[in-house]
Amino acid sequence: MIGSRRAAADGARPDGVANAPLLRVTDLRLEVPGATGPVAAVDGVSLEIAAGRVLALVGESGSGKSLTALAIARLLPDGVVRRSGQLWFEGVGALERLPERAMRAVRGAEIGFVFQEPMSALNPVMRVGEQVREAIEAHRGRPRGRAARQRAIELLAQVGIPEPELRYRAYPHELSGGMKQRVCIAIALAAGPRLLLADEPTTALDVTVQAQVLELLAALRRRSSLAMLLITHDLGVVAELADGVAVMYAGRVVEQAPVEVLFRAPLHPYTVGLFRSLPRLDGPRGRLVPIPGSVPPPGERPAGCPFRNRCAAAVARCAEQEPRLESVAQRHAVACWRPGAVTP
Amino acid sequence: MSGGGGALLEVRGLEVRFPVRVRGRRRALRAVDGLDLEIGPGETLALVGESGCGKSTTARAILRLVEPHAGRIVFEGREITALRGRRLKPVRRRMQVVFQDPYGSLDPRMRVGQIVAEGLVIHRIGTRRERAQKVARLLERVGLDPRCADRYPHAFSGGQRQRIGIARALALDPSFIVCDEAVSALDVSIQAQVLNLLAELQRERGMAYLFIAHDLAVVRHVAHRVAVMYLGRIVERGPVDAVFERPLHPYTRALLAAIPSADPARRTIGSGARNPWRVAGDPPSPVDPPSGCPYRTRCPVAVAACAEPPIPRVEAAPGHVAWCRRPDAEPAPAHGDSQGAHL
Ligand SMILES: Nc1ncnc2c1ncn2[C@@H]1O[C@H](COP(=O)(O)OP(=O)(O)O)[C@@H](O)[C@H]1O
Ligand SMILES: Nc1ncnc2c1ncn2[C@@H]1O[C@H](COP(=O)(O)OP(=O)(O)O)[C@@H](O)[C@H]1O
Ligand code: SF4
Ligand SMILES: [Mg+2]
Ligand SMILES: [Mg+2]
């Protein structure tokens, strides 16, 4: 297993199929209303996800992870504007240019979405099985009626819901948090998408249930070529599931690397800071080393490097010039004038 | 600590029941079902377990915010279980609480200074001027600018609000603070700041903490002892290192097995190599708890005898205790991942 993951991280899928990017996001800039006009909440983000691979987007709250995912699905909330950026999806083309109707077909059929709060995605007065069936029927060329019902029950079974025929008739409030999240995953998968955008899918769950849902997600990506953009602030979840990681800070990607590389040799002072502030189950139990201060809101971000006012390695240049994301090794990129200056 | 002689807080046989309706019938939900614990002065006891197992209700009963159905609570050498009104007031001063939700637990219409000083006002401590000085000192101590006193809580980030909550809890110089998921909603870098602050304050002031948390890595960092709770009962307790390194109860093992590894080269959950202790499904309803061992319906090593009370108490080392009939049993290796069969 570990051997095949290594291979995957080096650019080929475990089954040997070369991976062309499924989704490519280029130079995404999203603006939110600020005190004196629009301010960038996401600025110059570029990402690539290959078929069947899991890219984790990590960073503290407010760093722009959710907005990035919402922009990909073209579900930005009112008031948030995509100022620039291309969203290229394999076989579909430029998502940002699709008319809303065509985009609606892409959502579901090509891109599924799972959120942190399962209740926000479920209709509280509709039986969960019907909601799965509706998601199946919503797309052209999919089974309808009894066949769709049968398919919904199969899907419920696939996501690990015991007694799916019985649970088909349950209302959301009759299910536990973990079961509701499984229903949401079933809905997201109903039309067989190639990409799953999972925004903090296990954050609201108990650790025991989180483990079950992570197992499910891992099994899904193993058995199908489902790709995932996994948004989380939990580095443990990243370690369990991701192939690649993009670390976001204040609206920018500040470091990007295959997961093993990022955990073994993080280079950006922010990434290192995240690791040092993390309480661990193994290793010494001494004082945690927090990052001072907190993530500045959009509009209050310092010029130059957005991290510099919290950074232990900052020098004059960090205030003068913004560091760009640049490759330091194959598939390892960092946006910092002094990569590696803070050691783990 | 286990003797309870020098205990700051001692809880014996605590039961809390809530009246609920299940399919139209009136039933009793056993939120806390015969719980014992003690905490020494200056000690941190962590209470862990899945949501709904009764952690907050235990804390609320200790703080006398919910009426226990049975049991005894002894705090600073005196029984407080039945104290009320005027007689409870001096006890309330000595016990404080910091909640998870730094948004919901601070009154948005009060200025930060008023929030922190509220306890001092209620207990008529100091003049207005002395109170203002104390508030300034406390804000400074928790890492906030004393000028924050004039602002409203909404102007602060989550981590700052939690610091305000801590300053409020400190105002009356308590000997005991309940931290109910106090750092659970915070980002790791901020969580580390608040955990360090709590540790420093404990060193300075010698307060004891009942630290309720679901993150076992956090617990390992802050607690001296840990009590693992399941369906209203404690199933294992002991020094943190002992419980984490040599867990006795299958439920403790399940909690530990569910934690994501912090190392992608040693994946445990996403690898398909299923740890046999890992638990499936959800806990049963506290309206109808299983007889005997509460964990037996999910336990991989349960046998018929586990349904029979009483469940034996096993003591692995002084103070490290579990309630389990088969503390040495090993489960059969799990095959494949739980979902694999379906896909
Ligand atoms: N609907 C919105 N209107 C205005 N600002 C928003 C909106 N949604 C998010 N923001 C701001 O954009 C920033 C990034 O938000 P988000 O993408 O939700 O971060 P994350 O998911 O990393 O926590 C935050 O500072 C947030 O305040
Ligand atoms: N006021 C209440 N009325 C009815 N049931 C309650 C009440 N408070 C808590 N409960 C129930 O008691 C059990 C324990 O809850 P709680 O102490 O909040 O658990 P925890 O803090 O471990 O998540 C749960 O089943 C919960 O639903
Ligand atoms: S660019 Fe400068 S301030 Fe930014 S992370 Fe690197 S060293 Fe720190
Ligand atoms: Mg988010
Ligand atoms: Mg609780």
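Is there a simple way to explain the overall build of chain B in this structure?
Counting its secondary structure elements, chain B contains nine helices and twelve strands. Scaling as 2.2 N^0.38, a compact globule of 343 residues should have a C-alpha radius of gyration of about 20 Å, and chain B matches this with 22 Å. The principal-axis extents of the C-alpha atoms in chain B amount to approximately 65 × 50 × 45 Å. Taken across its 343 residues, chain B has 55% of its residues classed as buried. Sequence separation of 24 or more characterises 66% of the internal contacts of chain B that already satisfy a separation of 6 or more. Carbon and sulfur atoms make up 50% of the accessible area of chain B, which amounts to about 14900 Å² in all. Taken as two groups, the 51 positive and 35 negative side-chain charges of chain B have centres that lie 6 Å from each other.

So what exactly am I meant to see when it comes to the environment of A:T68 here?
Residue and element names in this part refer to chain A. Turning to its location among the elements, T68 is positioned in helix α2 (residues 65–72). A sequence separation of 35 residues divides T68 from M103, and the C-alpha atoms of the two residues are 17 Å apart. Non-local contacts of T68, meaning those with residues more than four positions away in its chain, are made with L28, L30, V42, V45, L47, L57 and M248.

Which parts of the structure should I look at to understand the packing of aromatic side chains?
In this description, an aromatic ring pair is defined by two values, namely the gap between the centres and the angle between the planes. All names here are of chain A. Inspection of every chain in the model, using the stated rule, returns nine aromatic pairs over all chains. Here Y270 and F307 contribute two aromatic rings whose centre-to-centre distance is 5.2 Å and whose plane-to-plane angle is 65°, an arrangement assigned as edge-to-face. Highlighted residues: Y270 in helix α12 (residues 269–276) and F307 in the loop between α12 and α13 (316–320), separated in sequence by 37 residues. As far as the burial class goes, Y270 and F307 line up, both buried.

Help me understand the site of ligand 1, please; the structure alone is not making it clear to me.
All names here are of chain A. Around ligand 1, 13 residues are found, and the nearest of them are G62, G64, K65, S66 and L67. Here S63 contributes a backbone N or O atom positioned 3.2 Å from an oxygen atom of ligand 1. In this structure, an oxygen atom belonging to ligand 1 sits 2.8 Å away from a side-chain N or O atom of K65. Relative to its unbound accessible surface of 560 Å², ligand 1 loses 68% to contact with the protein. For the shell around ligand 1, the element with the highest residue contribution is α2, accounting for three residues. Split by residue class, the shell around ligand 1 holds six nonpolar, five polar and two charged.

Help me out: how do you make sense of the side chain of A:Q181 in this one?
Residue and element names in this part refer to chain A. Here Q181 lies in helix α8 (residues 177–189). The class for Q181 is buried, based on a relative accessible area of 0%. If we ignore the near neighbours within four places in the chain, the residues touching Q181 are V114, F115, Q116, P118, P201 and L205.

I keep staring at the nonpolar core and nothing clicks. Help me out?
A general feature of soluble globular proteins is that nonpolar side chains tend to end up buried together. By size, the foremost hydrophobic cluster in this structure holds 141 residues, and its most contacted members are A:I185 and B:I166. Residue contributions to this core peak at nine residues, all from helix α9 (residues 207–223) of chain A. Setting aside chain neighbours within four positions, we find A:I185 in contact with A:V114, A:V159, A:V213, A:L216, A:L217 and A:L220. Within the second largest apolar cluster, 37 residues are counted, among which are A:V39, A:V106, A:L197 and A:V253.

I would appreciate a short explanation of the side chain of B:R220 in the present structure.
Assignment of secondary structure puts B:R220 in helix α7 (residues 216–222). Within the structure, B:R220 has its side chain in polar contact with the backbone oxygen of A:R280 (distance 2.9 Å). With near-sequence residues (within four places) excluded, B:R220 lies in contact with A:R280, A:L281, A:D282, A:G283, A:P284, A:R285, B:V240 and B:F244.

I keep staring at helix α5 (residues 158–170) of chain B and nothing clicks. Help me out?
Because an α-helix completes one turn every 3.6 residues, residues spaced three or four positions apart along the sequence face the same direction. Residue and element names in this part refer to chain B. Compared with the 18 Å implied by 1.5 Å per residue over 13 residues, the 19 Å span of α5 between its first and last C-alpha is a close match. Most of α5 sits out of view: eleven of its 13 residues are buried. All buried positions along α5 are accounted for by G158, G159, R161, Q162, R163, I164, G165, I166, A167, A169 and L170. Residues of α5 that are buried sit in contact with β6 (95–98), α3 (112–122), α4 (128–141), β7 (176–180) and α6 (188–205).

What is the right way to look at the domain arrangement of chain B in this model?
How large an interface is tends to be reported as the accessible area lost when its parts come together. Residue and element names in this part refer to chain B. Entries for chain B in the domain assignment read domain 1 (4–245) and domain 2 (263–343). Taken together, the contact pairs 19 residues of domain 1 with 18 residues of domain 2. Across the domain 1 to domain 2 interface the summed buried area is about 1600 Å²; carbon plus sulfur atoms make up 57%. Counting the surface domain 1 buries against domain 2, the share from its top three residues, Y230, L231 and R237, is 37%.

Got a minute to help me understand α9(A) in this structure?
With 17 residues, α9(A) should cover 24 Å at 1.5 Å per step; its first-to-last C-alpha distance of 24 Å lies within 8% of that length. Counting buried residues in α9(A) gives 15 out of 17 residues, a clear majority hidden from the surface.

Would you mind showing me how to read the confidence of the model for chain B here?
In low-pLDDT segments, the atomic positions of the prediction should not be examined closely. Residues and elements named next belong to chain B. The pLDDT averaged across chain B works out to 91; a share of 95% of its residues lies at or above 70. Segment residues 336–343: pLDDT under 50, and 24 contacts once partners within four positions in sequence are set aside and those in other chains are kept. In the predicted assembly, ipTM is 0.87 and pTM is 0.90.

For this particular structure, what's the right way to read the site of ligand 2?
All names here are of chain B. The immediate surroundings of ligand 2 are formed by F18, L29, A31, E50, S51, G52, C53, G54, K55, S56, T57 and P286. Contact between ligand 2 and G52: an oxygen atom at 2.7 Å from a main-chain N or O atom of the residue. The contact in question runs from an oxygen atom of ligand 2 to an N or O atom on the backbone of C53, over 3.3 Å. Coverage of ligand 2 by the protein chains reaches 62% of its 560 Å² of free accessible surface. Contributions of two or more residues to the shell around ligand 2 are made by β2 (25–39) and α1 (55–62). Sort the elements by how many residues they give to the shell around ligand 2 and α1 lands first, with three residues.

What should I look at first to understand the domain arrangement of chain A in this one?
With domains assigned, chain A is organised as domain 1 (4–120 + 190–260), domain 2 (121–189) and domain 3 (267–334). Taken over C-alpha atoms, the centre of domain 2 of chain A sits 42 Å from the centre of domain 3 of chain A.

Teacher, can you tell me more about the sheet that holds β6(B) here?
In a beta sheet, neighbouring strands are held together by backbone hydrogen bonds and run either parallel or antiparallel to one another. Residue and element names in this part refer to chain B. Taken together, eight strands build an open sheet; the order of strands is β6-β7-β8-β3-β9-β10-β12-β11 and the sheet is mixed. The open sheet is flanked by β6 and β11 (313–317), the only strands paired with a single partner. Across the sheet, the mean angle from the axis of one strand to that of its neighbour is 20°, orientation sign disregarded. Sheet analysis places β6 next to β7, joined by four bridges and oriented parallel.

Just to check I follow, could you spell out the interface of chain A and chain B for this structure?
Contacts between the two partners involve 58 residues from chain A and, on the opposite side, 51 residues from chain B. Considering only the side of chain A, the residues that lose the most area to chain B are A:E215, A:E240 and A:R285, jointly responsible for 17% of the buried surface there. The closest approach of N and O atoms between B:R278 and A:E215, which form a salt bridge, is 2.5 Å. Connecting chain A to chain B are 21 residue pairs in polar contact (both at pLDDT 80 or more). Only α1 (2–9), α6 (145–158), α8, α9, α10 (235–241) and α11 (259–264) of chain A provide two or more residues apiece to the side of chain A that touches chain B. No other element matches α9(A), which puts 14 residues into the side of chain A that touches chain B. When grouped by side-chain class, the residues that make up the side of chain A that touches chain B number 29 nonpolar, 14 polar and 15 charged.

Rules of the game
- Residues numbered from 1 in each chain as written.
- Chains lettered and ligands numbered in written order.
- Predicted model: local features only at pLDDT ≥ 70, side-chain atom pairs only at ≥ 80, totals over all residues.
- Heavy atoms only, no water.
- Helix = DSSP H or I, 4+ residues; strand = E, 2+ residues; numbered from the N terminus.
- Rg over C-alpha atoms; globule rule 2.2 N^0.38 Å.
- Buried < 20%, exposed > 50% of the residue type's maximum accessible area, 1.4 Å probe, protein only.
- Contact = heavy atoms within 4.5 Å.
- Areas by Shrake-Rupley, 256 points an atom, 1.4 Å probe, with all protein chains shown as cover.
- Lys, Arg positive; Asp, Glu negative; His and termini not counted.
- Charge placed at Lys NZ, Arg CZ, Asp CG, Glu CD.
- Phe/Tyr/Trp six-rings, centres within 6.5 Å; stacked < 30°, edge-to-face > 60°.
- Near = heavy atom within 4 Å.
- Polar contact = N/O pair within 3.5 Å; in protein donor to acceptor, adjacent residues only side chain to side chain.
- Nonpolar A, V, L, I, M, F, W, Y, C, P; charged D, E, K, R; others polar.
- Core = buried A, V, L, I, M, F, W, Y, C linked by side-chain atoms within 4.5 Å.
- Expected span 1.5 Å × (residues − 1).
- Domains from an automatic or database assignment.
- Buried area = accessible area lost by both parts, 1.4 Å probe.
- pLDDT = per-residue confidence, 0-100.
- Pairing = 2+ DSSP bridges.
- Axes fitted to C-alpha atoms, helices over the stretch in contact; angles between N-to-C directions.
- Salt bridge = Lys/Arg side-chain N within 4 Å of Asp/Glu carboxyl O.

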